[in-house]
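# Structure at a glance
Here is how the chains run, residue by residue.
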Amino acid sequence: MFEDRRDAGKQLGSALTDYRDTEVIVLAIPRGGVEVGYQVAQALDAEFSLVVVRKLPFLDNPEAGFGAIAEDGSTVIIQQAAYGLSQDTIEHVVKMQQKEVERRVRVLRGGSPLPDLKDRTVILVDDGIAMGSTMRAAIKLCKNEGAGRIVVAAPVSGARRAREIEALVDEMVILEKPPFFRAVAQVYRNWYDVSDQEVLRIMEAWREDRSAE
């Protein structure tokens, strides 16, 4: 059990200390993964940025989804979940989420491009892995960008999803794999939706940390 995302990030950073001072880059998935990624980057004294990925939600149940799309257009569709959806519906949802991806890049990363990932070790961080589609889309993006090594790190995941994602990357670090995993929130005492404003506050704190060195 984690107190909050800050606590989870500190514990995750401690589990990744082999990467300290190795010129890795930590990429957090907004919004929930940003505090976790910030703590990991601090622990590793690593470069830190955001990779924008969005779940593809069902129109009648936005909390659930059938896939994800990353900022470079990398898309993951979970066929079992999308079964029964028309192609028009899928394309409509994809276009909606592309607009939100563009907005988040503009607002949360100031419109700046992703750092150069070619031949680098990238640590992808989120606050947890549930369905796994957002992380899989982020992995596709990193491969498209020529990353040399991809590490997925999260405080919690279901065991089956962890095995599926581990097969796609060079290393995976998960702190908790509850036997009865229902939702990421179950391992956090203090769980809440993260706002754009909180993400911007964290990124400003990161810039201040860097400028003070």
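Above this text is the structure in question.
So, here is what we can say about the structure in this document. (Residues numbered from 1 in each chain as written. Predicted model: local features only at pLDDT ≥ 70, side-chain atom pairs only at ≥ 80, totals over all residues. Heavy atoms only, no water.)

Let's shift gears to helix α5 (residues 133–144). Its 12 residues place the ends of α5 16 Å apart at the C-alpha level, agreeing with the 16 Å of an ideal helix rising 1.5 Å per residue. Ser133, Met135, Ala137, Ala138, Ile139, Leu141 and Cys142 are the residues of α5 that are buried. A positive phi of about 80° marks glycine 146, the residue just after α5. (Helix = DSSP H or I, 4+ residues; strand = E, 2+ residues; numbered from the N terminus. Expected span 1.5 Å × (residues − 1). Buried < 20%, exposed > 50% of the residue type's maximum accessible area, 1.4 Å probe, protein only.)

Glancing now at the pattern of salt bridges. Under the counting rule described, the total for this entry stands at 15 salt bridges. Note that glutamate 35 and arginine 201 form a salt bridge whose closest N and O atoms lie 3.9 Å from each other. In this pair, glutamate 35 is assigned in helix α2 (residues 33–44) and arginine 201 in helix α7 (residues 196–211), connecting sequence segments 166 residues apart. The partner of arginine 120 in a salt bridge is glutamate 47, with the nearest N and O atoms 2.9 Å apart. Note that arginine 120 is positioned in the loop between α4 (87–108) and β6 (121–125) and glutamate 47 in strand β2 (residues 47–50), a separation of 73 residues in sequence. Shared partners join several salt bridges into a network, and the residues in it are Arg31, Glu100, Arg103, Arg104 and Asp196. (Salt bridge = Lys/Arg side-chain N within 4 Å of Asp/Glu carboxyl O.)

So, about the sheet that holds β2. Spatial strand order, β2-β1-β6-β7-β8: 5 strands in an open sheet with parallel pairing. At either margin of the open sheet sits one strand with a lone partner, and together these are β2 and β8 (171–176). The average angle at which neighbouring strand axes cross in this sheet is 20°, direction not considered. Sheet analysis places strand β1 (residues 25–28) next to β6, joined by 4 bridges and oriented parallel. Bridge pairing in β6 places valine 26 opposite isoleucine 123. Each of β1, β6 and β7 (149–156) touches α5; the most contacted strand, β6, lies at about 165° to it. (Pairing = 2+ DSSP bridges. Axes fitted to C-alpha atoms, helices over the stretch in contact; angles between N-to-C directions. Contact = heavy atoms within 4.5 Å.)

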